[in-house]
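# Structural description and commentary
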Amino acid sequence: MNGIKIRGTGRSVPGKLVTNRDLEKIVETSDEWITARTGIRTRHHCAEGERISAITAEAARRCLADAGIGPEEIGACIVATATPETLVPSAACALQRDLGLPEDIPCFDLNAACTGFLFALHTMECLLNASPRKFGLVVGAENLSRVINWADRGTCILFGDGAGAAVVECREGWPSVSAVLGCHGNSELLYLPGPESEEHSYLSMEGTRVFKFAVEAVPWCVDQVLKKTGRTVEDVDFFVFHQANARIIDLAVRKYRIPPEKYYKNIAEYGNTSAASIPLVLSELREQGKIGPGSRILAVGFGGGLTWGGCLIEFA
């Protein structure tokens, strides 16, 4: 099986910035309380009339430009999302239309919550091995502000909207991303009702139990990816963790003694953007010159489902 590498990245977020001070006006909380427990200071939300499909398309256009790839060269498109603008057509089909991607390629959405981007990378690797076109478009995009219960101070402070994208290339002789993925069906810890439910479509979460799950899942994923690839912590150029809570990242950093120049946190600005989280980090790191051609990235995600995953991916 041929492997994939990242050729380019891109991102886009809504223009509406929501600060912790803004949230103080609508729910019983404080800037100090939010920052101390989560590391979040601001998040971006879609304003009235602002469409997540437009933000998704903008991230993808920037990604294609960064990769130097034309839409006609794309062999598959996957959008990882739990909050698509419409269920039908899928966000990926809308993206095919908006970007002018080929009509004879698979385009579909994938929902693995906050681990979605990593599930999509693994799926794309499989698809490109069977495609005559060797470039794939993988996007993580979320509009979580529309499923927030603004009376629930435990969740309304956490989530933001945005989109991040990556163009990957498949070549013979390149290593697999060696994805380690898993799930455990659980609708108690993190839950978002669907159209069949009589409940309001509000996201609910048991924060303490999810935190405990995450601090166990992250090191398990790191260990399994390193074992599967035969690599060590020192072999990794950069660690990219799902941006759910700064304390979860800090615990992993301390456990593996990761030096400051090898990890990154942008949760203070974006909050938890679910499937968009990891590609947002990748795009920022690439723009800042912290990662680039030849960089080896160990990425770890965890989220609702419950889902978890890790992979080791290189930049072409």
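Here the structure is shown first, and the text comes after it.
Described below are features of the structure shown in this document. Quick caveat, the model's predicted, so the values are computed rather than measured.

## With respect to the side chain of Ser274
Checked against the element boundaries, Ser274 lands in the loop between α9 (267-270) and α10 (277-287). Here the side chain of Ser274 touches Glu142 through a polar contact of 3.2 Å, side chain to side chain. Ser274 has contacts with Ala113, Cys114, Glu142, Leu144 and His242, leaving out every residue within four places of it along the chain.

## A look at the state of the cysteines
In a disulfide, the sulfur atoms of two cysteines are held together by a covalent bond. Per the counting criterion, the structure on display carries 0 disulfides. The closest cysteine sulfur to the non-disulfide-bonded Cys107 is located on Cys77, 4.9 Å from its own sulfur. Judged by its relative accessible area of 14%, Cys107 falls in the buried class. Free of any disulfide, Cys311 has its nearest cysteine sulfur in Cys221, 10 Å distant.

## What to know about helix α4 (residues 91-99)
Among all positions in α4, only Ala92, Ala94, Leu95, Gln96 and Leu99 are buried. Buried residues along α4 sit against α3 (52-67), β4 (74-80), β5 (107-110) and β6 (135-142). Where α4 ends, the next residue or the one after it, Gly100, has phi of about 75°, a positive value.

## Topic: the sheet that holds strand β7 (residues 162-171)
The strand order β1-β7-β6-β4-β5 describes an open sheet built from 5 strands, whose pairing is mixed. Whereas interior strands pair on both sides, the edge strands pair on one side only; in this sheet they are β1 (3-12) and β5. Direction aside, the axes of adjacent strands within the sheet are offset by 20° on average. Sheet strands touched by α4: β4, β5 and β6. Its angle to β5, the strand with the most contacts, is close to 140°.

## Re the nonpolar core
Within the largest apolar cluster, 34 residues are counted, with the highest numbers of intra-cluster contacts made by Phe117, Leu121, Val240, Leu282 and Ile297. Breaking this core down by element, the ones donating at least two residues are β1, β4, α5 (116-128), β7, β11 (238-241), α10, β12 (296-303) and β13 (305-314). It is α5 that provides the largest number of residues to this core, a total of 7 residues. For Leu121, the residues in contact, after removing those within four places along its chain, are Ile4, Val138, Val168, Cys311 and Ile313. Ala217, Val222, Ile249 and Leu298 belong to the second largest nonpolar core, which has 29 residues in total.

## Points about unusual backbone geometry
The omega torsion of the bond from Val88 to Pro89 falls at 0°, within 30 degrees of zero and hence cis. Checked against the element boundaries, Pro89 lands in the loop between β4 and α4. A positive phi angle, near 50°, is found at Ser178, a position not held by glycine. Here Ser178 is to be found in the loop between β7 and β8 (180-186). Positive phi, close to 50°, is recorded for Arg257, a residue that is not glycine. Note on placement: Arg257 falls in the loop between α8 (246-256) and α9. Note on Arg257: relative accessible area 72%, which makes it exposed.

What counts, and where the lines are drawn
- Residues numbered from 1 in each chain as written.
- Predicted model: local features only at pLDDT ≥ 70, side-chain atom pairs only at ≥ 80, totals over all residues.
- Heavy atoms only, no water.
- Helix = DSSP H or I, 4+ residues; strand = E, 2+ residues; numbered from the N terminus.
- Polar contact = N/O pair within 3.5 Å; in protein donor to acceptor, adjacent residues only side chain to side chain.
- Contact = heavy atoms within 4.5 Å.
- Disulfide = S-S within 2.5 Å.
- Buried < 20%, exposed > 50% of the residue type's maximum accessible area, 1.4 Å probe, protein only.
- Pairing = 2+ DSSP bridges.
- Axes fitted to C-alpha atoms, helices over the stretch in contact; angles between N-to-C directions.
- Core = buried A, V, L, I, M, F, W, Y, C linked by side-chain atoms within 4.5 Å.

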